[in-house]
Amino acid sequence: MKKYIISSFLCLLALLPSAWASKPEAPVKAVIISGQNNHNWPVSSVTLEKILKDSGLFDVTLVYSPGQGQDMSGFNVDFKSYDVVIMAYNGDSWNQKMQDDFVEYARNGGGIVFYHAADNAFRNWEEYNRMIALGGWEGRNENDGPYVYFKGRKLYRDMTPGPGGSHGAQHEYTMNRRSRHPVTKAFPKHWIHAQDELYDHMRGPGNIKKVLYSAYADPQLGGSGHEEPLVFTVDYGKARIMHIMIGHAGPTTAINPAMDCPGFKTLLLRSAQWCAGRRPTVSYSSEN
């Protein structure tokens, strides 16, 4: 009888991990910060929201700032309530409390995805520029840090004087994997990204941890002639940061090739999962 009871108990214990493993994870709590941008933020913000929601993996809050030139003193986000922040903002300076809260969130291990023109923002905010590692426009120059691009297999830091941030004509281009990472596991080594801007001449502190993807900025199309880092993680304390430079918003949600690209969608979803401390699970298919 004793043997039977012990055997039954052991069988029950063996079943429990299987039951626990089948329990679905709670949705990732994500906040998208938008409301001002030199790009078409009404299109980009709702498209980001739709991509995240349609995956069924995220509980999404979309936050709009006051309009350009309006009072920003009451604009605040409770960052610590979220697993990941999707930064899609480029506009007026935040109030000091919001800046301090964002830095605290990052330093305490928060997850942040910097999307496209968010790296144009806040040139004079030192901590923000360390969070993005590379930025452009807004008067950036050699005082903000070097140009960073690939020479062969290595990142090169170029202190040539000049403005930060440019791109050639929009076009399709090949995304080249530079390193293995949980986010890149779903992708082939090379994949074609839909018509988009290809940022080049970006400069800043350059505290890049790992470049996931780069692309060649063709000088015949107005590019730099360098292999440019376009997707990378950032070395910023305990923060989990992914900087995604691609994904320029189209004129409407129906005409939005860069954001409708299966590669961009998969990259956004897997990056947001990883930044939230989850295992990336979304599969990539060029047919999606």
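Refer to the structure printed above.
About the criteria used
- Residues numbered from 1 in each chain as written.
- Predicted model: local features only at pLDDT ≥ 70, side-chain atom pairs only at ≥ 80, totals over all residues.
- Heavy atoms only, no water.
- Helix = DSSP H or I, 4+ residues; strand = E, 2+ residues; numbered from the N terminus.
- Rg over C-alpha atoms; globule rule 2.2 N^0.38 Å.
- Buried < 20%, exposed > 50% of the residue type's maximum accessible area, 1.4 Å probe, protein only.
- Contact = heavy atoms within 4.5 Å.
- Areas by Shrake-Rupley, 256 points an atom, 1.4 Å probe, with all protein chains shown as cover.
- Lys, Arg positive; Asp, Glu negative; His and termini not counted.
- Charge placed at Lys NZ, Arg CZ, Asp CG, Glu CD.
- Phe/Tyr/Trp six-rings, centres within 6.5 Å; stacked < 30°, edge-to-face > 60°.

Undergrad: How do you make sense of the overall build of the chain when you look at a structure like this?
TA: Summing up its helical and strand segments, the chain has 6 helices and 13 strands in all. Relative to the globule expectation of 19 Å for 288 residues, the C-alpha radius of gyration of the chain, 21 Å, shows essentially globular dimensions. Along the three orthogonal principal directions, the C-alpha set of the chain runs to about 85 × 45 × 40 Å. Counting every position in the chain, which comprises 288 residues, the buried fraction comes to 53%. Contacts in the chain between residues at least 24 apart in sequence constitute 66% of all its contacts with a sequence separation of at least 6. Counting every atom, the chain has about 13600 Å² of accessible surface; 52% of that belongs to carbon and sulfur. On the chain, the mean spot of the 30 positive side-chain charges and the mean spot of the 28 negative ones are 14 Å from each other.

Undergrad: For this particular structure, what's the right way to read the environment of Leu134?
TA: If you trace the backbone, Leu134 turns up in the loop between helix H4 (126–132) and strand S5 (147–151). Measuring from C-alpha to C-alpha, the distance between Leu134 and Asn207 comes to 8.1 Å, with 73 residues separating the pair along the chain. Not counting chain neighbours up to four residues away, the residues in contact with Leu134 comprise Asp119, Pro146, Val148, Met202, Arg203, Gly204, Gly206, Ile208, Pro229, Phe232, His243 and Met245.

Undergrad: Can you walk me through the packing of aromatic side chains in this structure?
TA: Each pair of aromatic rings is reported with the distance of its centres and the angle of its planes. Under the definition given, this model contains 23 aromatic pairs. When the centroid spacing of 6.5 Å and the interplanar angle of 85° are considered together, the rings of Phe102 and Phe114 count as edge-to-face. Note that Phe102 is positioned in helix H3 (residues 96–107) and Phe114 in strand S4 (residues 111–115), a separation of 12 residues in sequence. Look at Phe114 and you get buried, because its relative accessible area is 0%. Between Trp191 and Tyr284, the ring centres sit 6.1 Å apart and the planes meet at 50°, which makes this aromatic pair tilted. One end of the pair, Trp191, is in strand S9 (residues 190–196); the other, Tyr284, is in the segment after helix H6 (262–275), with 93 residues separating them in the sequence. Like Tyr284, Trp191 is buried.

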